[in-house]
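Examining the three-dimensional arrangement
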Amino acid sequence: MNIHEKYIKRCIELAQNGLGNTYPNPMVGSVIVHRGKIIGEGWHQKAGEAHAEVNAINSVLDEELLKRSTIYVSLEPCSHFGKTPPCSDLIIAKGIKKVVIGTMDPFAKVAGRGIKKLLDAGCEVNVGVLEEKCLALNQRFFTYYKKQRPYIILKWAQTRDGFIAPELKDGNRPVWITNKYSGQLVHKWRGEEASILVGTNTVLKDNPSLNVRKWTGDDPVRIIIDKDLKTPEDFSVLNGKIKTIIICEKKPKSSRYENLIFEKIQFSDNISKEICAVLYKYEVQSVIIEGGSRTLQQFIDARLWDEARIFTGKAEFQAGIKAPNISGKLISETEISGDNLKIYKNDQGDNI
């Protein structure tokens, strides 16, 4: 690992502190180095607040050193006025002449403009250091802008004999296949993603809240596939406490709550693609699809998924609803107090 890679690696580590808090902005880390020593570092902590480069520059005790320093940043510095001023302007104003960037920004308002502004100001710019790792860091952000759809995470729990639900169950209480530690991890994931999606049967069987309860973090937008609007009005997903988008075939005349949104689609063979278009419309950059089996399989068959997180618990049902059929590249396997968690990446692309 060369010296530039060492400091971009540190930028990536810093950026990861913002996971779940920067949406809709990307996660970014920045390091300032003077004569082989880090004199400042920072990351983008929350959307609407200071960017990584600003925090890194502000952390430097002796501002005079900036003119003889190199700034490292995992993503191209912005060049436009949004909720904060352009970071490229700040770098130029502070007299920093050497800039090392992990990867370019695909966002149309940046997309090379930040780099051009730095070059025009006489800065020495090095782009593409640990680029693959920087792309992976913001895979949600890049998928949204490049593929015009959210980053799609499939998640389910299955028994050792391959079922995700029993043949019969008692009332609306969910049947737990995994232990409390796996359940806590799922809530952590919910706080890290922009939305969560389930189908009608899951809602009717479990009456889920689809919020973050066992971890800290913002509740994801709830996405409910309910073609014929079968969900009873007193169910949790219609309580108006969280922004909820109902995917349906026919909209009702009115909605009880401002943040309860009904979106009409055709429910054709391309239902997964239609749902992705709705989520893109509402600028939803990521979604966890939690089921049920039919909903999950629709996205799998359409090759519209990026990551699958599959728990296998100790229980056996002997009969019931079979788990989805999926193939992909296994990237990790973890034991969680007796539960097995496998994470797959889609190695076949998608059809968008």
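Since this is a predicted model, take the numbers as computed values, not measurements.

1. Section: the environment of L197
- As for its placement among the helices and strands, L197 is situated in strand β8 (residues 195–199).
- Among the residues examined, L197 registers a relative accessible area of 1% and is labelled buried.
- Each C-alpha atom of the pair L197 and I224 lies 5.8 Å from the other, and the pair is 27 residues apart in sequence.

2. Brief notes about the environment of L119
- Looking at where L119 falls in the secondary structure, it is placed in helix α4 (residues 113–120).
- Classification of L119 as partly exposed rests on a relative accessible area of 45%.
- With 81 residues separating them in the primary sequence, L119 and I38 have C-alpha atoms 24 Å apart.

3. Here we look at the domain arrangement of the protein chain
- Per the domain assignment, the segments of the protein chain are domain 1 (3–141) and domain 2 (148–345).
- On a C-alpha basis, the centres of domain 1 and domain 2 stand 35 Å from each other.
- If you look at the interface, domain 1 gives seven residues, while domain 2 gives 13 residues.
- Contact between domain 1 and domain 2 buries roughly 840 Å² in total, counting both sides, with carbon and sulfur atoms accounting for 44%.
- If you sort the residues of domain 1 by the area they bury against domain 2, Y23, Q139 and R140 come out on top, with a joint share of 67%.

4. A word on the packing of aromatic side chains
- Under the criterion given, the structure shown has six aromatic pairs.
- Consider the rings of F141 and F142, whose centres lie 5.9 Å apart with planes at 75°: the pair is edge-to-face.
- Across from the ring centre of W189, 4.5 Å away, lies the NZ or CZ of R309, which sits over that ring.

5. Notes on the sheet that holds strand β3 (residues 70–75)
- Spatial ordering of the open sheet is given by β2-β1-β3-β4-β5, a layout of five strands whose pairing is mixed. A strand with exactly one partner marks an edge of an open sheet, and here the two such strands are β2 (37–43) and β5 (124–127). Pairwise comparison of adjacent strand axes, ignoring direction, gives a mean angle of 15° for this sheet.
- Note that strand β1 (residues 29–34) and β2 share six bridges and pair antiparallel. The partner of S30 across the bridge, within β2, is G42.
- Along the sheet, α4 contacts β4 (98–103) and β5; its crossing angle with β5, the most-contacted strand, is approximately 150°.

6. Observations regarding helix α9 (residues 271–281)
- Along α9, the residues classified as buried are I271, S272, E274, I275, C276, V278 and L279.
- Immediately beyond the C-terminal end of α9, within one or two residues, lies E283, with a positive phi of roughly 60°.

7. Side note on the layout of surface pockets
- Space inside the largest pocket adds up to approximately 1,300 Å³.
- As for the largest pocket, its lining consists of 50 residues, of which T202, D206, E290, G291 and G292 are closest to the centre.
- When residues of the lining of the largest pocket are traced back to their parent elements, those giving at least two are β6 (151–158), β7 (163–166), α7 (180–192), β8, α8 (200–206), β12 (286–291) and α10 (293–301).
- The class makeup of the residues in the lining of the largest pocket is 21 nonpolar, 15 polar and 14 charged.

8. Some thoughts on the nonpolar core
- By size, the foremost hydrophobic cluster in this structure holds 33 residues, and its most contacted members are I152, L154, W156, I247, I275, I289 and F299.
- Going through the elements one at a time, β6, β7, β9 (221–225), β10 (244–248), α9, β12, α10 and β13 (307–312) are the ones with two or more residues in this core.
- The residues touching F299, leaving out its near neighbours within four places in the chain, are I152, L154, S272, I275, C276, I289, L304 and W305.

9. Concerning unusual backbone geometry
- Along the chain, Y23 connects to P24 via a cis peptide bond; the corresponding omega equals 10°.
- Looking at the element boundaries, P24 is found in the loop between α1 (3–15) and β1.
- One non-glycine residue, Q148, lies in the positive phi region at around 55°.
- Looking at the element boundaries, Q148 is found in the loop between α6 (139–147) and β6.
- Accessibility expressed as a relative area gives 48% for Q148, which makes it partly exposed.
- Even without glycine at this site, N207 takes up a positive phi of about 45°.
- What makes N207 partly exposed here is its relative accessible area of 25%.

10. Let's talk about the side chain of T295
- Looking at the element boundaries, T295 is found in helix α10.
- In this structure T295 touches L197, G199, I225 and I289, once residues within four positions along its chain are discounted.

Each value, and the rule that gives it
- Residues numbered from 1 in each chain as written.
- Predicted model: local features only at pLDDT ≥ 70, side-chain atom pairs only at ≥ 80, totals over all residues.
- Heavy atoms only, no water.
- Helix = DSSP H or I, 4+ residues; strand = E, 2+ residues; numbered from the N terminus.
- Buried < 20%, exposed > 50% of the residue type's maximum accessible area, 1.4 Å probe, protein only.
- Domains from an automatic or database assignment.
- Contact = heavy atoms within 4.5 Å.
- Buried area = accessible area lost by both parts, 1.4 Å probe.
- Phe/Tyr/Trp six-rings, centres within 6.5 Å; stacked < 30°, edge-to-face > 60°.
- Lys NZ or Arg CZ within 6 Å of the ring centre and 35° of its normal.
- Pairing = 2+ DSSP bridges.
- Axes fitted to C-alpha atoms, helices over the stretch in contact; angles between N-to-C directions.
- 1 Å grid on protein atoms, 1.4 Å probe; cavity = no way out; pocket = protein on both sides within 12 Å on 5 of 7 lines; lining within 4 Å.
- Points joined across faces, edges and corners; volume = space filled by probe spheres on them.
- Nonpolar A, V, L, I, M, F, W, Y, C, P; charged D, E, K, R; others polar.
- Core = buried A, V, L, I, M, F, W, Y, C linked by side-chain atoms within 4.5 Å.

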